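So you can see what is in the structure, the chains are spelled out below.
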Amino acid sequence: MNTSGPVDQGLRLIPFRGLRYVPERVGSLAAVTSPPYDVVVRPDGLHHLESADPHNIVRLILPQADTARDRHRQAADTLDRWLAEGVIAPDPDPVLYVYEQRNDEILQRGLIGALALSPAAEGIVLPHEDVMDDVVADRAELMRTTGAHLEPLLLTYRGDGGTPTGAGAGAGAVIDRTVLREPLLATTTEDGFRHRLWAVTDPSDRREIETDLARHQALIADGHHRWATYLRLQQEQSAPGPWDYGLVLLVDTARHPLQVRAIHRLLRNLPVSRALKALTGHFRVQRVEGPLPRALDIVAEAATAGNAFLLAGDGGFHLVDRPDPTLLARTVRADRPEAWRTLDATVLHSALLDEVWRIPDAPEHIGYIHDTAAAVEQAERLDATAVLMHPVREEVVRDLARQGVTMPRKSTSFGPKPATGLVMRSLTLD
């Protein structure tokens, strides 16, 4: 993310002793990785990952037990056992890591390290979404109990350069030099992404990174709840220490632009027939022909003229657009910028969920699903309603964050996201 000028105190990324799987002790590195905890589609995705390898990281980030306390204790016991058995081991020295993700269309490289925490008011790390207190509380208890950061957040900043050239100075130049060496690990996950990880050990390289990052601020692309958790746990400490830093992946979007996708809603207790009936007089509703990609194209076209959603769950697709202006005037806050007031997520939560459908924003009523096809499948299986969203443009996200305005939670999905399980951070080793 670009700053309008130099920041007094910018990003500070420090080395740490990464916890990593020992390749000889697991079936494959790919088999022990997972998407971030909130991207795993449960229960099918959870079961798939658990069966991929008995040491899959999902047993730590999404442990299964009857109570929250038992889940967190189970994760901690599992991590301790894997460390004792040598399944996971700490690297010998604190380092920064260069991390690469690549498929046939995308190349993304960034730095993994422990980032100094700062509240949003300081303007160093900027959130762009609200968070849910119950999720933050759950992640906080998991981190307390395990004493570890199990998956890196995805943060972006906007550096000075363009595409990687292998020349110049700064963090990007260090990355370009580092990827010419043999990596610490290389694996290909089932989504087709190839992952590589290197250690940055040279003190001069670290100083070059430090000097460069100190001039920048970052946008939280993925991991708002975990960042809020970092801050909450930091506030609980009485003295400086490892809780003052959080595990992150920093990506320069001037060199590696991220993709922005939507996060869809699953309205568990609302059949499509009831959802459509309640919309009468408030939105235009049209049935559109599938298959799903064609229906999504229709929504994308409608979104160029204003708010538009696609409802699914009854075997068909329904375009919902052209909201009644009087409904919006009555339900959407007027004390926010126009860009915020016209967001699809704002209209969905303020006008549809709160006013038209009267659905509480609680996990038992609303699920948040990244995968479009999975959202439709779950809605059809549960006789529920999937609300399929159109992505927000990255520049809108950035501009609102600069103004200190947060978007409704789960408004965006930036990617590609780092694979969970390639490197973790212990809070007892730093």
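The model shown is predicted, which means the values in this text are computed figures rather than measured ones.

Before going further, it helps to spend a moment on the pairing of strand β18 (residues 366–369). The two faces of β18 match: Ile366 and Tyr368 on one face and Gly367 and Ile369 on the other face are all buried. Where strand β14 (residues 264–267) lies against β18, four bridges are found, and the strand directions are antiparallel. When the sheet's bridge partners are listed, leucine 266 is paired in β18 with glycine 367.

Strand order across the open sheet formed by six strands is β15-β17-β16-β19-β14-β18, with antiparallel pairing between neighbours. Both outer strands of the open sheet, β15 (284–288) and β18, are each paired with one neighbouring strand and no more. Neighbour to neighbour, the strand axes of the sheet diverge by 25 degrees on average, direction disregarded. On top of the sheet, helix α10 (residues 292–303) reaches β15, β16 (308–312), β17 (317–321) and β19 (385–388); it is set at about 155 degrees to β16, its chief contact. Running at roughly 160 degrees to β19, helix α14 (residues 372–382) makes contact with β14, β16, β17, β18 and β19 of the sheet.

Along the chain, glycine 404 turns up in the loop between α15 (394–402) and β20 (413–415). By relative accessible area, which is 62% here, glycine 404 ends up exposed. Along the sequence, glycine 404 and alanine 84 sit 320 residues apart, while their C-alpha atoms lie 45 Å from each other.

To continue, consider the side chain of threonine 385. If you trace the backbone, threonine 385 turns up in strand β19. Engagement of the side chain of threonine 385 in a polar contact is seen with the backbone oxygen of leucine 270, the distance being 2.6 Å. Filtering out sequence-adjacent residues up to four positions away, threonine 385 remains in contact with Arg265, Leu266, Leu267, Leu270, Pro271, Val272, Ala275, Leu311, Ala312 and Ala379.

With that settled, the discussion passes to the side chain of glutamine 108. Note that glutamine 108 resides in strand β5 (residues 107–116). For glutamine 108, a relative accessible area of 2% corresponds to the buried category. At 3.1 Å, the side chain of glutamine 108 forms a polar contact with the backbone oxygen of proline 416. Beyond its immediate stretch of four places on either side in the chain, glutamine 108 contacts Tyr99, Glu100, Gln101, Leu154, Leu249, Val251, His256, Leu258, Gly415 and Pro416.

Counting 115 residues, the largest nonpolar core has Tyr21, Trp227, Leu250, Phe309 and Trp357 as the members making the most contacts within it. Here this core takes seven residues from helix α13 (residues 344–356), the largest share from any one element. Excluding residues that lie within four positions of it along the chain, tryptophan 357 makes contacts with Leu267, Leu270, Ala275, Ala278, Leu279, Leu311, Leu348, Leu352 and Val387. Leu292, Leu310, Ile369 and Ala374 belong to the second largest nonpolar core, which has 20 residues in total.

Here the focus is the environment of alanine 75. Here alanine 75 shows up in helix α4 (residues 68–85). For alanine 75, a relative accessible area of 0% puts it in the buried group. For the pair alanine 75 and alanine 148, spaced 73 residues apart in sequence, the C-alpha to C-alpha distance is 10 Å. Contact partners of alanine 75, with chain neighbours within four places excluded, come to Arg59, Leu60, Pro63, Leu142 and Thr146.

Moving on to the pattern of salt bridges. Scanning the entire structure with this criterion turns up 24 salt bridges. In this structure, the salt-bridge partner of aspartate 77 is arginine 73, at a minimum N-O distance of 3.2 Å. With aspartate 77 and arginine 73 both in helix α4 and four residues apart, the pair spans about one turn of that helix. Judged by its relative accessible area of 39%, arginine 73 falls in the partly exposed class. For glutamate 236, the salt bridge goes to arginine 144, with nearest N and O atoms at 2.6 Å. Taken together, the positions of glutamate 236 in helix α8 (residues 224–236) and arginine 144 in helix α5 (residues 133–146) put the pair 92 residues apart, joining distant regions of the chain. Of the residues examined, glutamate 236 reaches a relative accessible area of 41% and is grouped as partly exposed. Among the residues examined, arginine 144 registers a relative accessible area of 34% and is labelled partly exposed.

Our next topic: the pairing of strand β10 (residues 194–200). Here β10 lies mainly inside the structure; five of its seven residues are buried. Here strand β4 (residues 96–102) pairs with β10 via seven bridges, running antiparallel. Bridging across to β10, arginine 102 finds its partner in arginine 194. Hairpin remark: strand β9 (residues 185–188) followed by β10, antiparallel, with five residues in the connecting loop; positive phi at glycine 192, about 95 degrees.

What follows covers the packing of aromatic side chains. Counted by the stated rule, this structure contains four aromatic pairs. Residues phenylalanine 283 and phenylalanine 309 carry aromatic rings whose centres are separated by 6.5 Å and whose planes lie at 70 degrees to one another, so their mutual orientation is edge-to-face. Placement of the pair is phenylalanine 283 in the loop between α9 (272–278) and β15 and phenylalanine 309 in strand β16, with a sequence separation of 26 residues. The class for phenylalanine 283 is buried, based on a relative accessible area of 7%. Taking relative accessible area as the criterion, phenylalanine 309 reaches 0% and is therefore assigned buried. The ring of tyrosine 37 carries arginine 139 above its face, with NZ or CZ at 4.0 Å from the centroid. For arginine 336, the ring lying beneath its charged end belongs to tryptophan 340, and the centroid distance is 4.7 Å.

A packed helix pair is summarised by two numbers, namely the angle formed by the two axes and the spacing between the axes. Interhelical geometry of helix α6 (residues 171–178) versus helix α7 (residues 203–213) gives an angle of 145 degrees and a closest axis separation of 8 Å. Contacts from Ala171, Gly172, Ala173, Val174 and Arg177 of α6 reach α7 at Asp205, Glu208, Ile209 and Asp212. In terms of residue class, the contact of α6 with α7 is made up of four nonpolar, one polar and four charged.

Conventions adopted
Residues numbered from 1 in each chain as written. Predicted model: local features only at pLDDT ≥ 70, side-chain atom pairs only at ≥ 80, totals over all residues. Heavy atoms only, no water. Buried < 20%, exposed > 50% of the residue type's maximum accessible area, 1.4 Å probe, protein only. Helix = DSSP H or I, 4+ residues; strand = E, 2+ residues; numbered from the N terminus. Pairing = 2+ DSSP bridges. Axes fitted to C-alpha atoms, helices over the stretch in contact; angles between N-to-C directions. Contact = heavy atoms within 4.5 Å. Polar contact = N/O pair within 3.5 Å; in protein donor to acceptor, adjacent residues only side chain to side chain. Core = buried A, V, L, I, M, F, W, Y, C linked by side-chain atoms within 4.5 Å. Salt bridge = Lys/Arg side-chain N within 4 Å of Asp/Glu carboxyl O. Phe/Tyr/Trp six-rings, centres within 6.5 Å; stacked < 30°, edge-to-face > 60°. Lys NZ or Arg CZ within 6 Å of the ring centre and 35° of its normal. Nonpolar A, V, L, I, M, F, W, Y, C, P; charged D, E, K, R; others polar.

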